[in-house]
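Descriptive analysis of the structure
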Amino acid sequence: MRYGEGPEVLHDIDLTLAQGDFAFLTGPSGAGKSSLLKLMYLREQASRGLISLFGQDTAVLPDANRALIRRRIGVVLQDFALIDHLSVFENVALPLRIHGVRRASYAEDVVEILRWVGLGDRLNSLPPTLSGGEKQRVAIARAVIAKPDLLIADEPTGNVDPEMGARLIRLFAEMNRIGTTVLIATHDLDLIPASARHLIIQDGSLS
Ligand SMILES: Nc1ncnc2c1ncn2[C@@H]1O[C@H](COP(=O)(O)OP(=O)(O)OP(=O)(O)O)[C@@H](O)[C@H]1O
Ligand SMILES: [Mg+2]
């Protein structure tokens, strides 16, 4: 993979995530963690090689299938990507609305997940009024609310204290237990459970 005409930032990667994997991706800053995740949630395309998701070759996907695949993936981005003019509640509810779920049936779930990440009293706040760690927790709640088949999280604990970091990893582990395949990029080696799969990337290649 390369960005535009730039140098290759990922090469010789041979990786299969199995359904049900709980995997962590680590490596130095600039090694290619975010780039690899971008390929996996269809934000970028590989300049050569094969990327398949849920058994489908992503290079030849009709737009409709691409959208369907994208809906099966929950993503926590390094910069959160919240919608500033929507409340915390509405940001988290968005994936469910996209799935066509009616408000009456999702309202309770949205409140429950926001309580779980410690934001039960910020339902009506707008993202620009939140701290970095609070925004991060909204992004995580939004990524897990629709129980995605695949959860991709880029530095999801980078802005919270160690206790909240451990709590968020427990949330991901619980998602994994009920069937979500999880891939988390992190610099925080202490957060990685001994039982998890650990992938290490260096200079654009997995070691
Ligand atoms: N949008 C972009 N355009 C051009 N080059 C980019 C872009 N994003 C990343 N890169 C380059 O790709 C390489 C890998 O970057 P990437 O963001 O994947 O690293 P990372 O492992 O996620 O780093 P960090 O730990 O700092 O988040 C770096 O050399 C970076 O400069
Ligand atoms: Mg990154």
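Anyway, here's the lowdown on the structure attached to this text. (Residues numbered from 1 in each chain as written. Chains lettered and ligands numbered in written order. Predicted model: local features only at pLDDT ≥ 70, side-chain atom pairs only at ≥ 80, totals over all residues. Heavy atoms only, no water.)

Re the coordination of the magnesium ion (ligand 2)
Binding of the magnesium ion (ligand 2) to the protein goes through Ser34 (OG) and Gln78 (OE1), at separations of 2.0 to 2.6 Å. Of this pair, Ser34 sits in helix α1 (residues 33–40) while Gln78 sits in the loop between β4 (73–76) and α3 (88–98), and the two are 44 residues apart along the sequence. (Donors = N, O, S within 2.8 Å, 3.2 Å for Na, K, Ca; no water. Helix = DSSP H or I, 4+ residues; strand = E, 2+ residues; numbered from the N terminus.)

Examining the side chain of Arg142
Counting through the fold element by element, Arg142 comes out in helix α5 (residues 132–144). Look at Arg142: it is buried, it has no salt bridge, and the nearest opposite charge is Asp79 at 7.6 Å. Leaving out residues up to four positions away in the same chain, Arg142 has contacts with Phe80, Ala81, Leu82, Ile83, Asn91, Val92 and Pro95. (Buried < 20%, exposed > 50% of the residue type's maximum accessible area, 1.4 Å probe, protein only. Lys, Arg positive; Asp, Glu negative; His and termini not counted. Salt bridge = Lys/Arg side-chain N within 4 Å of Asp/Glu carboxyl O. Contact = heavy atoms within 4.5 Å.)

Some remarks on the pattern of salt bridges
One pass over the full model with this rule turns up eight salt bridges. Across the salt bridge formed by Asp149 and Arg72, the nearest N and O atoms sit 2.7 Å from each other. On the criterion of sequence distance, the pair formed by Asp149 in the loop between α5 and β5 (150–154) and Arg72 in the loop between α2 (63–71) and β4 is long-range, its members being 77 residues apart. Accessibility expressed as a relative area gives 32% for Asp149, which makes it partly exposed. Among the ionic contacts, a cluster of salt bridges with common partners joins Arg2, Glu8 and Arg48.

Considerations on the sheet that holds strand β6 (residues 181–185)
Two orientations exist for strands paired in a sheet by backbone hydrogen bonds: parallel and antiparallel. Sheet architecture is open: six strands sit in the order β4-β5-β6-β1-β7-β8, paired in mixed fashion. The sheet terminates laterally at β4 and β8 (205–206), the two strands that pair on one side only. Note: strand β7 (residues 197–202) against β8, two bridges, orientation antiparallel. Bridge pairing in β8 links Gln202 to Ser205. (Pairing = 2+ DSSP bridges.)

Here's the deal with the layout of surface pockets
Here the largest pocket defines a volume of roughly 830 Å³. In this structure, the largest pocket is lined by 29 residues; those nearest its centre are Leu15, Met40, Leu50, Ile51 and Ser52. Looking at the lining of the largest pocket, the elements that each hand over two or more residues are α1 and β2 (52–53). By residue number, the principal contributor to the lining of the largest pocket is α1, which donates three residues. A per-class count over the lining of the largest pocket returns 15 nonpolar, eight polar and six charged. Roughly 410 Å³ of volume is contained in the second largest pocket. Counting only elements with at least two residues in the lining of the second largest pocket, the list comes to α2, β4, α3 and α5. Among the residues making up the lining of the second largest pocket, the classes are represented as 13 nonpolar, two polar and three charged. (1 Å grid on protein atoms, 1.4 Å probe; cavity = no way out; pocket = protein on both sides within 12 Å on 5 of 7 lines; lining within 4 Å. Points joined across faces, edges and corners; volume = space filled by probe spheres on them. Nonpolar A, V, L, I, M, F, W, Y, C, P; charged D, E, K, R; others polar.)

Overview of helix α4 (residues 103–116)
Taking 1.5 Å per residue, 14 residues should reach 20 Å; α4 reaches 20 Å between its end C-alpha atoms and fits that length. Of the residues making up α4, those classed as buried are Tyr106, Val110, Val111, Ile113 and Leu114. On an axial view of α4, the arc spanned by its buried residues comes to 165°, and they lie on one face. Facing away from the buried side of α4 by more than 90 degrees, the exposed set consists of Ala104, Glu108, Glu112 and Arg115. In this structure, the buried side of α4 is in contact with α3, α5 and α6 (162–177). The positive-phi residue at the C-terminal boundary of α4 is Gly118, with phi of around 80°. (Expected span 1.5 Å × (residues − 1). Arc of directions from axis to C-beta.)

Topic: the side chain of Glu134
Take Glu134: it is sitting in helix α5. Residue classification places Glu134 among the buried residues on the basis of a relative accessible area of 17%. Among residues more than four places away in sequence, those in contact with Glu134 are Leu119 and Arg122.

Structural notes on the nonpolar core
With 40 residues, the main nonpolar core has Val92, Val110, Leu114, Phe172 and Ile184 as its most contacted residues. Taken together, the elements giving at least two residues each to this core come down to β1 (22–26), α3, α4, α5, β5, α6 and β6. Here Val110 is in contact with Phe89, Val92, Ala93, Leu96 and Ile145, once residues within four sequence places are set aside. (Core = buried A, V, L, I, M, F, W, Y, C linked by side-chain atoms within 4.5 Å.)

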